[in-house]
Amino acid sequence: MITSTDARVATVTVTVRYFAGAKAAAGTRSEAVTVPHGATVADLITALAADHGDALTRVLGAASFLLDETAVHDRTTVLADGATVDVLPPFAGG
């Protein structure tokens, strides 16, 4: 319950989808993550690492990211409410 003394902080909720080794490290295929309004992709990565521990932290360090199906080249990109962020660990193949 929110009272008149509670600080109201604007937030946005994004869907994070994990693939391959990221899914194994996070222990889930996807999750909704709430971050403060104005949070960036870098802020989200920091929050995910804090929430999921060392295994996902290692994956995040090598992963690439899509924001609403577009490659993230600038991790200072601000997240919009309802955005989808895909975590893509390095893939091997040929």
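Refer to the structure printed above.
Note that the structure is a prediction, hence the values are computed from the model and not measured.

Conventions and cut-offs
Residues numbered from 1 in each chain as written. Predicted model: local features only at pLDDT ≥ 70, side-chain atom pairs only at ≥ 80, totals over all residues. Heavy atoms only, no water. Core = buried A, V, L, I, M, F, W, Y, C linked by side-chain atoms within 4.5 Å. Buried < 20%, exposed > 50% of the residue type's maximum accessible area, 1.4 Å probe, protein only. Helix = DSSP H or I, 4+ residues; strand = E, 2+ residues; numbered from the N terminus. Axes fitted to C-alpha atoms, helices over the stretch in contact; angles between N-to-C directions. Parallel < 35°, antiparallel > 145°, perpendicular 65-115°, else oblique. Left-handed = near helix turned anticlockwise from the far one by under 90°. Contact = heavy atoms within 4.5 Å. Salt bridge = Lys/Arg side-chain N within 4 Å of Asp/Glu carboxyl O. Pairing = 2+ DSSP bridges. Arc of directions from axis to C-beta.

A. Quick look at the nonpolar core. Counting residues in hydrophobic clusters, the biggest one holds 26 residues, and the most contacted among them are Leu44 and Leu56. At the level of elements, strand E1 (11-18), helix H1 (21-26), strand E2 (30-36), helix H2 (41-52), helix H3 (54-62), strand E3 (64-67) and strand E5 (84-88) are the ones that each hand at least two residues to this core.

B. Main features of the packing of H2 against H3. Two numbers describe how H2 lies on H3: the axes approach to 7 Å, and their chain directions differ by 155 degrees. When the axis of H2 is compared with that of H3, the two are roughly antiparallel. Where H2 crosses over H3, the two elements pack in a sense that is right-handed. Touching Ile45, Leu48, Ala49 and His52 of H2 are Asp54, Leu56, Thr57 and Leu60, all from H3.

C. Focus on the pattern of salt bridges. As enumerated under the stated definition, the model contains one salt bridge in all. Across the pair Asp86 and Arg17 runs a salt bridge, and its minimum N-O distance is 2.6 Å. With Asp86 in strand E5 and Arg17 in strand E1, the pair connects residues that are 69 residues apart, well separated along the chain. Residue classification places Arg17 among the partly exposed positions, given a relative accessible area of 32%.

D. Broad picture of the pairing of E1. Burial along E1 is one-sided: Val12, Val14, Val16 and Tyr18 are buried, while Thr11, Thr13, Thr15 and Arg17, pointing the other way, are not. The pairing of E1 with E2 spans seven bridges and is antiparallel. The residue bridging Val16 from the neighbouring strand is Glu31, located in E2. Where E1 meets E5, four bridges bridge the pair, whose relative direction is parallel.

E. Broad picture of H3. Turning to H3, its buried residues are Leu56, Val59 and Leu60. Angular distribution of buried residues about the axis of H3 spans 100 degrees; they occupy a single face of the element. Residues Asp54, Arg58 and Gly61 are exposed on H3 and point more than 90 degrees away from its buried face. Against the buried residues of H3 lie E1, H1, H2, E3 and E5.

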